[in-house]
Number of protein chains: 2
Amino acid sequence: MKQKRFILSESEIPTKWYNIQADMPTKPMLPLNPATHEPLTAEDLAHIFSQECAKQELDTENAWIDIPDEVLDKYRYYRATPLVRAYALEEALGTPAHIYFKNESVNPLGSHKINSALPQCYYCKVEGTTNVTTETGAGQWGAALSYAASVYGLSAAVYQVKISMQQKPYRSSIMRTFGAAVTGSPSMSTRAGKDIITREPMHPGSLGTAISEAIELATTTPHCKYTLGSVLNHVALHQTIIGLEAEKQMAMAGEYPDTVIACFGGGSNFGGLAFPFMRHNILDGKTTEFLAAEPESCPKLTRGKFEYDFGDEAGYTPLLPMYTLGHDFKPANIHAGGLRYHGAGVIVSQLIKDGMMKGVDIPQLESFEAGMLFARTEGIIPAPESCHAIAAAVRKAKECIATGEEKVILFNLSGHGLIDMTAYESFINGDLQNYKLTDDEIARNLKDVPKL
Amino acid sequence: MKQKRFILSESEIPTKWYNIQADMPTKPMLPLNPATHEPLTAEDLAHIFSQECAKQELDTENAWIDIPDEVLDKYRYYRATPLVRAYALEEALGTPAHIYFKNESVNPLGSHKINSALPQCYYCKVEGTTNVTTETGAGQWGAALSYAASVYGLSAAVYQVKISMQQKPYRSSIMRTFGAAVTGSPSMSTRAGKDIITREPMHPGSLGTAISEAIELATTTPHCKYTLGSVLNHVALHQTIIGLEAEKQMAMAGEYPDTVIACFGGGSNFGGLAFPFMRHNILDGKTTEFLAAEPESCPKLTRGKFEYDFGDEAGYTPLLPMYTLGHDFKPANIHAGGLRYHGAGVIVSQLIKDGMMKGVDIPQLESFEAGMLFARTEGIIPAPESCHAIAAAVRKAKECIATGEEKVILFNLSGHGLIDMTAYESFINGDLQNYKLTDDEIARNLKDVPKL
């Protein structure tokens, strides 16, 4: 019988994260103070983030960062996650490709987000912080952060994108189950929120609006730090536990990926899976292809511009060098809430610029077709975000039918979609559509990117 | 660092199920033809069920039944599930007890139900059946059956308890994602449903009504068999994969359970975990205690009567010797939909009669308090059904605080509650209540049990 799942024992769980910044041929450009345009230091960042995360954010020296014992101890509640060979999907496609996926959907709360929520809250706790705040889109990050905060005895306040909150009410209930206070963004509880609502009363919210509100709360509340579920370097760092495990598990399977794929919102699950493998492209001459699957309706990697831009709608964050659609870009109300973000993380943006990876854009309908096929073959209903990775993997596997190549494809199943069933229901009923942007629409929105 | 999770490799997954009927000191009494009161044969049962399941149902000879390779192959997509030592829960309780749980919530679709859905559909397929039908309460079984049917290319029709369908709309979407046709029960699509609605237009449905409708569909449709998610012996047989794995995993942990606990609706997850351990009470002189946790509002084990009764509302099933509250018992609309069933399985009923296990009844509020504590400590939001097992385990662990005993408690986390967040939301908002039945209410309902 063919082995389907490759499992690590607790003693094989990696004890260090991998910091790709130390190995990148071109180091990422530095975040800038928006007023002075001076590069920011770790001390500057520590006004918003925990000191340790601020330090990790700018660390271009150390390739390996120790995972604190107290975090490893919590990782062991659910890690390592399985690496699965998707035989049933291969068979349904009739492809000679070997398709593997890393199954982060079995994590508590159903996605990879907890991998960074735990260390972020841990660092806050040891540094004496009592309150944490954050933004969340579909709610995967907010749920993970709420749980992690409760684990370390912190009080959590979450701003959730208003449209996602309406689409996925169960996720706010999950956050409340862990004791978090949840507010729909834009809200009237912050100055940033009030300004946005005044400009546009029916604003559906975006990760950009929610980040503005959370940062405002963090900077105006004593003993309160901001935490982020994606985009930033330290978040991708924590997520490399995924790829480091996958590397060992692919070795158990006796294979090495030709193509590594993950869906892309801000880059946390992508970087988490990809960076440990990309290390071997940089250092050992491997030639693995890296694909970040983004929604066609929010195509920053494939059609955005590399510029210094804000990470949030109101312009509270540092200026970040990134592929962006403009910080006030309002993506269509697709169901993949976690991918509705205007910019890419700094590391990934540099890697794209250097040709070390690329984006692929996936129409919404294609993403759900792939998700339905995956559900019926592998038995797991994927998150709408993860459906984008599956769709990119299916495209690749179909290319192999034409060429006859037995390529090894590895993708990240970043989460399950059991809380997203209204999305599937709409797809089954034929109520979903694609949202392709015109070049004009993209150019018009990019006008708001600040000129340095 | 203390080991939390005990994992089996694929080669260690059991290849046989355990049939406790072969080892029981008192064999279960036989199901009877309701018209003639004659004992039923496997041929009689095969009018409704697959031949293999009908045979397994009455098999009191063979203690070990081979799991077909094609089923094992599918089990390997998600099994073995982890055995977890619940250190965080122990610490929160301050108990000297060692608490372990078998985590069936990481199964595809979020519960243990798939363990029997796969073999039932597999047998139907090899016997030439093209259509399967079933009942479902909360929808865990219906979702599993829908997936298993799609795996083996069968068409599935599911009758879902109407009140559960309204409480948990996502579960019907899951079934539809796998291509199943879903109907709320009681419905106007069957004679049984029409009769029930005529008698009581606002009937909220129960497993009893849904079973009646599904059996009617199976017996009036060519090439269509009925499948059941609990109650029957062959279902518990398939679920013993849980306990057989747990036995190996407890040995890895160097412990053996003093108490084994599972929630109880019809007995599938209970029997699945308990029977392999009970074998050692019967054969090897072990003295493990077995507790089946039922809702206070549906207390067939603790306050029901041992009688021959129907398994469904309309009286289509054979007469089964079981602890029952009467086949037309209408349980309160608690959120643990899977536990709203009037009767216990035949094997469990005999075991209770023989003093080899016992029931404990759990009030709804106590179940959710335990579930919230478990979520906040172990990070997994449990299904409302599983909350009953957790509550029973918490009671036991608290006894150990008083006595100072380091008892080893093992319970089954039969599923997660991510689709049941409206229930948690109601609990958090203080909108839930307990439903304790008076002795008169129970006696009144038992009057309808048929007199032999």
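Residues numbered from 1 in each chain as written. Chains lettered and ligands numbered in written order. Predicted model: local features only at pLDDT ≥ 70, side-chain atom pairs only at ≥ 80, totals over all residues. Heavy atoms only, no water.

### Brief notes about the overall build of chain A
Short version of the rule: Numbered from the N terminus, helices here are DSSP runs of H or I no shorter than four residues, and strands are runs of E no shorter than two. C-alpha atoms define the radius of gyration, and 2.2 Å times the number of residues to the power 0.38 defines the globule rule. Partly exposed residues are those whose accessible area sits between 20% and 50% of the maximum for their type, while under 20% is buried and over 50% is exposed, using a 1.4 Å probe and protein chains only. Under the convention used here, a 1.4 Å probe and the Shrake-Rupley method define accessible areas, while residue burial counts only the protein chains that appear. Neither His nor the chain termini are counted; the positive set is Lys and Arg, and the negative set is Asp and Glu. Here the site of a charge means atom NZ of a Lys, CZ of an Arg, CG of an Asp or CD of a Glu.
Of the regular secondary structure elements, chain A holds 18 helices and 15 strands. The globule rule puts the C-alpha radius of gyration for 452 residues at 22 Å, and the 20 Å found for chain A is close to it. When the 452 residues of chain A are sorted by exposure, 68% land in the buried category. Surface accessibility of chain A: about 14400 Å² in total, with carbon and sulfur atoms responsible for 50%. The distance from the centre of the 40 positive side-chain charges to the centre of the 52 negative ones in chain A is 2 Å.

### Describing the interface of chain B and chain A
Operational definition: The contact rule is simple, with two residues in contact once any of their heavy atoms fall within 4.5 Å. Reported buried area values correspond to the accessible surface (1.4 Å probe) lost by two parts on association, with both partners' losses combined. In what follows, salt bridge is the name for a side-chain nitrogen of Lys or Arg lying within 4 Å of a carboxyl oxygen of Asp or Glu. N or O atoms within 3.5 Å of each other form a polar contact, as long as, within protein, one can give a hydrogen and the other can take it, and as long as residues adjacent in sequence are counted only when both atoms are side-chain atoms.
With 49 residues of chain B at the interface, the matching set in chain A holds 49 residues. Between chain B and chain A, the buried area comes to about 4300 Å², and carbon and sulfur atoms account for 59% of it. On the chain B side of the contact with chain A, B:Met1, B:Tyr77 and B:Tyr170 bury the most area, a combined 18% of that side's loss. Taken together, chain B and chain A are joined by four salt bridges. Our enumeration of links across chain B and chain A arrives at 20 residue pairs in polar contact (both at pLDDT 80 or more). For the side of chain B that touches chain A, the secondary-structure elements that each account for two or more residues are helix H3 (69-75), helix H4 (87-93), helix H6 (140-151), helix H8 (169-177), helix H15 (364-378) and helix H17 (421-428) of chain B.

### Concerning the packing of helix H9 (residues 191-199) of chain A against helix H10 (residues 207-219) of chain A
How we decide: The convention used is that axes are lines fitted to C-alpha atoms, helices contributing only their stretch in contact, and that angles between N-to-C directions extend from 0 to 180 degrees.
Two elements in contact, H9(A) and H10(A), have axes whose closest approach is 8 Å; the angle formed by their N-to-C orientations is 145°. Contact with H9(A), carried on its side by A:Arg191, A:Ala192, A:Gly193 and A:Ile196, involves A:Thr209, A:Ser212, A:Glu213 and A:Glu216 of H10(A) and no other residues of that element.

### Examining the pairing of strand E7 (residues 155-161) of chain B
When a strand is regular, its side chains alternate between the sheet's two faces. Residue and element names in this part refer to chain B. Put simply, the test is: One requirement defines pairing of two strands: DSSP has to find at least two bridges between them. Look down the strands so they point away from you; if going from the first strand over the helix to the second traces a clockwise path, that crossover is right-handed.
Of all seven residues in E7, five are buried, a share of seventy percent or more. When strand E6 (residues 131-136) meets E7, the two strands line up parallel, connected through six bridges. Pairing of glutamate 135 across the sheet is with tyrosine 159, part of E7. On the question of chirality, the crossover connecting E6 to the parallel E7 by way of H6 is right-handed. Strand direction decides the pairing type here: E7 and strand E8 (residues 181-185), joined by five bridges, are parallel.

### Notes on the pattern of salt bridges
One pass over the full model with this rule turns up 41 salt bridges over all chains. Taking the shortest distance from any N to any O, the salt bridge between A:Lys4 and B:Asp73 comes out at 2.8 Å. Taken together, the residues A:Lys4 in the segment before strand E1 (5-6) and B:Asp73 in helix H3 connect one chain to another. On the basis of relative accessible area, A:Lys4 is assigned to the buried category, the value being 2%.

### Thoughts on the relation of the copies chain B and chain A
Comparison of the two chain copies shows a relationship of rotation about an axis with a shift along it. Our working definition: Least squares is used to superpose the copies, and the fit set is the C-alpha atoms of residues whose pLDDT is at least 70 in both copies.
After a rotation of 180° and a shift along the axis of 0.0 Å, chain B superposes on chain A with an RMSD of 0.0 Å. Expressed as a symmetry operation, the mapping of one chain copy onto the other fits a two-fold axis. Minimal C-alpha separation from the rotation axis in chain B is found for B:Val106, amounting to 2.7 Å. Residue by residue, 100% of the interface of chain B is reproduced at the interface of chain A, so both copies engage with the same surface.

### Here we look at the sheet that holds E6(B)
Residue and element names in this part refer to chain B. As summarised here, the arrangement of the four strands in space is E8-E7-E6-E9, forming an open sheet in which the pairing is parallel. In this open sheet, the two strands that pair with only one neighbour each are E8 and strand E9 (224-226). Pairwise comparison of adjacent strand axes, ignoring direction, gives a mean angle of 20° for this sheet. Along the sheet, H8 contacts E6, E7 and E8; its crossing angle with E7, the most-contacted strand, is approximately 175°.

### Observations concerning the sheet that holds strand E9 (residues 224-226) of chain A
Residue and element names in this part refer to chain A. Spatially, E8-E7-E6-E9 is the arrangement adopted by the four strands of the open sheet, whose pairing is parallel. Each edge of the sheet is formed by a strand with only one pairing partner; in this case those strands are strand E8 (181-185) and E9. Across this sheet, the average inter-strand angle for adjacent strands is 20°, counted without regard to direction. Against the sheet, helix H6 (residues 140-151) contacts strand E6 (131-136) and strand E7 (155-161), and its axis sits at roughly 165° relative to E6. In the packing of H10 onto the sheet, contacts are made with E6, E7, E8 and E9, and the angle to E6 comes to roughly 170°.

### Some points on H6(B)
Just so we agree on the cut-off: For a helix, the expected span equals 1.5 Å multiplied by the residue count minus one.
Over its twelve residues, H6(B) runs 17 Å from end to end, which matches the ideal 16 Å to within 8%, given 1.5 Å per residue. Across the twelve residues that make up H6(B), a large majority, ten, are buried. Among all positions in H6(B), only B:Gln140, B:Trp141, B:Gly142, B:Ala143, B:Ala144, B:Leu145, B:Ser146, B:Tyr147, B:Ala148 and B:Ala149 are buried. The elements touched by buried residues of H6(B) are helix H15 (364-378) of chain A together with helix H5 (114-126), E6, E7 and H8 of chain B. Of the residues flanking the end of H6(B), it is B:Gly153, one or two places downstream, whose phi is positive at about 70°.

### A few points about helix H8 (residues 169-177) of chain A
The buried fraction of H8(A) is high, at seven of nine residues. Positioned one or two residues after H8(A), A:Gly179 has a phi angle of 90°, which is positive.

### Let's talk about the packing of aromatic side chains
In plain terms, the rule: The aromatic pairing rule takes the rings of Phe, Tyr and Trp, using the six-membered ring of Trp, and pairs them if the centres are within 6.5 Å, calling planes under 30 degrees apart stacked, those over 60 edge-to-face and the rest tilted. Here, a charge over a ring means that NZ of Lys or CZ of Arg falls within 6 Å of the ring centre while also lying within 35 degrees of the ring normal.
Scanning the model with the defined rule gives 31 aromatic pairs over all chains in all. For the ring pair B:Phe264 and B:Phe270, a centre distance of 6.0 Å and an interplane angle of 65° mean the geometry is edge-to-face. For the residue pair B:Phe264 and B:Phe270, the accessibility class agrees, reading buried in each case. With a centroid separation of 5.3 Å and an interplanar angle of 90°, the aromatic rings of B:Phe368 and B:Tyr424 are classed as edge-to-face. Here B:Tyr424 lies in helix H17 and B:Phe368 lies in helix H15, a separation of 56 residues in the sequence. In this structure, B:Phe368 and B:Tyr424 share a single accessibility class: buried. In this structure an aromatic cluster arises from ring pairing among A:Phe101, A:Phe374 and A:Phe411. Here the basic side chain of A:Lys286 rests over the ring of A:Tyr256, its NZ or CZ set 4.2 Å away from the ring centre. The ring of B:Phe306 has B:Lys353 sitting right over it, with the charged end atom 4.7 Å from the ring centre.

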